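What the coordinates show
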Amino acid sequence: YNIKTVEEGLTKIQFPEFDKISSEAPVFYNPHMELNRDISILALQTFQKQENQDINICDLFGGSGIRGVRYKNEINGVDHVFINDISETANEYERHNVKLNNLEDIEIFQHDASMFLRMHRGKFDVIDIDPFGTPSPFLDSAGYCSRRNSLLCVTATDTSALCGTYKEPCIRKYNAKPYKSEYCHETGIRILAGFVALTLAKYSKSIEVKLSHSTEHYMRLYIEVKKGSKKSDECLKNIGYISHCKHCLYREQNKGLATSTPDICPECGEKLIQAGPLWLGDIQNAEFISKMIEESENKKLNTKEDVLKLLESCRIEAKSPATFYDVHKICKILKISAPKLDLVFENLEKEGFEAVKTHFNPLGIKTNAPLKKIKEIIKTL
Ligand code: SAM
């Protein structure tokens, strides 16, 4: 193999060159994940400042070691970084990349991810789970081993399961029913967050989602883990279902794991479909995201422009409803041509409703206006 060198942030990384991005590569590196890693730098730095003490970080699926090495190199107040990967070749390059950046206090391990977490229960302030495909098999160990007030970062690349392209894998991996809709990336993230909450609840732990985003082929969650059975019971009140009408686009949310969900659409009488159990609580924390945006001024990030665009959008979404409407989809149902998106926003606001864009879909509108009202407004435009 030729050796490839890349630079992200302030860090230089080397690994064997491979002609496609694949789990078959001797050492995995995906350039499309740079934005994900840049955002992680800001999230972990914000978390470190919030904790106001040095933090220990676990990069559970190291690959080339790019996350762990960047975390030590680019975040202030990091004590030790523990990089783990089941592959020996990955370990070799992780060691090489630590040296390449002249870093100390990074330890490299070769274990199965769950074994590694269980060997170090309660040790990490941050656990970063960045596996191939689904994080689902590792969340029990994360739930058992994560400490009070720690940060849990989770990537999922099995978006076709979470978004409902295929139903069975979602049921298998997340014990939840998905459905494909114009807002399926949001229901997907909510299914993932709900599954994390339900898994952590077994260990009397609860979640607070600080930031979540769906970008290209993956979803990413930043979650603060709290301890205590009372808090955990409270947290589970955010688990529920979304019912959706494919005929008229009506949807409603019902909180509660064992709640009954409506079968028939109250607006048009057609059958409703359900997604869930999923997380109906907050999936963005405006205060945390604002601090991340501030933090970006102190960091060198190659994708900064895109990072800021995404973070602004997530911040604005923080207080909006759990689904959104797609104007083109509504127009298709009304059999009319689509008006300019800005006009729809203007008119909703003129009538006293809140309406914001969403990073999940460029044609999406998150609004507290009822569907009937939105249709009424669109018809006049
Ligand atoms: N975090 C890396 C990055 O940002 O470039 C990418 C990690 S890659 C998606 C997943 C890594 O997990 C691979 O390097 C693979 O060798 C490793 N892996 C697969 N199964 C594992 C397991 N059960 N335990 C630990 N590591 C595992």
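Keep in mind the model is a prediction, meaning the values are calculated, not measured. (Residues numbered from 1 in each chain as written. Predicted model: local features only at pLDDT ≥ 70, side-chain atom pairs only at ≥ 80, totals over all residues. Heavy atoms only, no water.)

A look at the site of the ligand
Lining the immediate surroundings of the ligand are 18 residues, of which Phe-61, Asp-85, Asp-112, Ala-113 and Asp-130 lie closest. The backbone of Ala-113 places a nitrogen or oxygen atom 2.8 Å from a nitrogen atom of the ligand. Between Asp-130 and the ligand, the recorded distance is 2.7 Å, taken from a side-chain N or O atom to a nitrogen atom. Expressed as a share of its isolated accessible area of 600 Å², the protein-covered part of the ligand is 88%. Most atoms of the ligand, that is more than half of them, are within 2 Å of grid points of the largest pocket. The class makeup of the residues in the shell around the ligand is 8 nonpolar, 5 polar and 5 charged. (Near = heavy atom within 4 Å. Polar contact = N/O pair within 3.5 Å; in protein donor to acceptor, adjacent residues only side chain to side chain. Areas by Shrake-Rupley, 256 points an atom, 1.4 Å probe, with all protein chains shown as cover. 1 Å grid on protein atoms, 1.4 Å probe; cavity = no way out; pocket = protein on both sides within 12 Å on 5 of 7 lines; lining within 4 Å. Sits in = over half its atoms within 2 Å of the grid points. Nonpolar A, V, L, I, M, F, W, Y, C, P; charged D, E, K, R; others polar.)

Considering the environment of Asp-306
By the secondary structure assignment, Asp-306 is in helix α11 (residues 304–317). For the pair Asp-306 and Glu-224, spaced 82 residues apart in the sequence, the C-alpha separation amounts to 24 Å. (Helix = DSSP H or I, 4+ residues; strand = E, 2+ residues; numbered from the N terminus.)

Observations regarding the nonpolar core
Among the nonpolar cores identified, the biggest contains 52 residues, and Leu-152, Tyr-174, Ile-207, Leu-221 and Trp-279 are the most heavily contacted of them. Contact partners of Tyr-174, with chain neighbours within four places excluded, come to Thr-134, Pro-135, Ser-136, Ala-156, Asp-158, Leu-162, Pro-169, Ile-191, Leu-192 and Phe-195. Residues Met-33, Ile-66, Tyr-222 and Met-292 belong to the second largest nonpolar core, which totals 42 residues. (Core = buried A, V, L, I, M, F, W, Y, C linked by side-chain atoms within 4.5 Å. Buried < 20%, exposed > 50% of the residue type's maximum accessible area, 1.4 Å probe, protein only. Contact = heavy atoms within 4.5 Å.)

Let's talk about the packing of aromatic side chains
One pass over the full model with this rule turns up 13 aromatic pairs. For the ring pair Tyr-1 and Phe-18, a centre distance of 6.5 Å and an interplane angle of 50° mean the geometry is tilted. Of the two residues, Tyr-1 sits in the segment before β1 (3–8) while Phe-18 sits in the loop between β2 (11–16) and α1 (34–51), which places them 17 residues apart along the sequence. Given a relative accessible area of 27%, Phe-18 falls into the partly exposed group. Centroid distance Tyr-183 to Phe-324: 6.2 Å. Interplanar angle 70°. Geometry classified as edge-to-face. Of the two residues, Tyr-183 is situated in the loop between α7 (167–174) and α8 (184–201) and Phe-324 in the loop between α11 and β13 (325–326); the sequence distance between them amounts to 141 residues. (Phe/Tyr/Trp six-rings, centres within 6.5 Å; stacked < 30°, edge-to-face > 60°.)

Here's the deal with the layout of surface pockets
Of the volumes computed, that of the largest pocket is approximately 610 Å³. In terms of lining residues, the largest pocket is bounded by 34 residues, among which Phe-28, Phe-61, Asp-130, Pro-131 and Phe-132 are the most central. Looking at the lining of the largest pocket, its residues break down into 16 nonpolar, 13 polar and 5 charged. Size it by volume and the second largest pocket reaches roughly 290 Å³. Forming the walls of the second largest pocket are His-32, Leu-35, Ser-214, Thr-215, Glu-216, Tyr-218, Thr-303, Asp-306, Lys-309, Leu-310, Ser-313 and His-359. Residue assignment for the lining of the second largest pocket shows that the elements contributing at least two residues are β8 (205–215) and α11. (Points joined across faces, edges and corners; volume = space filled by probe spheres on them.)

Side note on α11
Here α11 spans 20 Å end to end across 14 residues, near enough to the 20 Å set by a 1.5 Å rise per residue. Here α11 has its buried residues at Val-307, Leu-310, Leu-311, Ser-313, Cys-314 and Glu-317. The buried residues of α11 occupy an angular sector of 160° when projected down its axis, which confines them to one face. Turned more than 90 degrees away from the buried face of α11, the exposed residues are Glu-305 and Lys-309. (Expected span 1.5 Å × (residues − 1). Arc of directions from axis to C-beta.)

A short note on the domain arrangement of the protein
Annotation of the protein at the domain level lists domain 1 (3–317) and domain 2 (326–380). Each of domain 1 and domain 2 has a C-alpha centre, and these two points are 31 Å apart. If you look at the interface, domain 1 gives 20 residues, while domain 2 gives 14 residues. Buried area between domain 1 and domain 2, summed over both chains or domains, comes out near 1,300 Å², and the portion from carbon and sulfur atoms is 62%. When the buried area of domain 1 at its contact with domain 2 is split by residue, Glu-182, Leu-249 and Glu-317 rank highest and sum to 41% of it. The interface formed by domain 1 and domain 2 includes 1 salt bridge. Linking Glu-186 and Lys-366 is a salt bridge whose minimum nitrogen-to-oxygen distance equals 2.7 Å. Elements that contribute at least two residues to the side of domain 1 that touches domain 2 include exactly α8, β8 and α11. Top element by residues in the side of domain 1 that touches domain 2 is α11. It accounts for 5 residues. The class makeup of the residues in the side of domain 1 that touches domain 2 is 8 nonpolar, 7 polar and 5 charged. (Domains from an automatic or database assignment. Buried area = accessible area lost by both parts, 1.4 Å probe. Salt bridge = Lys/Arg side-chain N within 4 Å of Asp/Glu carboxyl O.)

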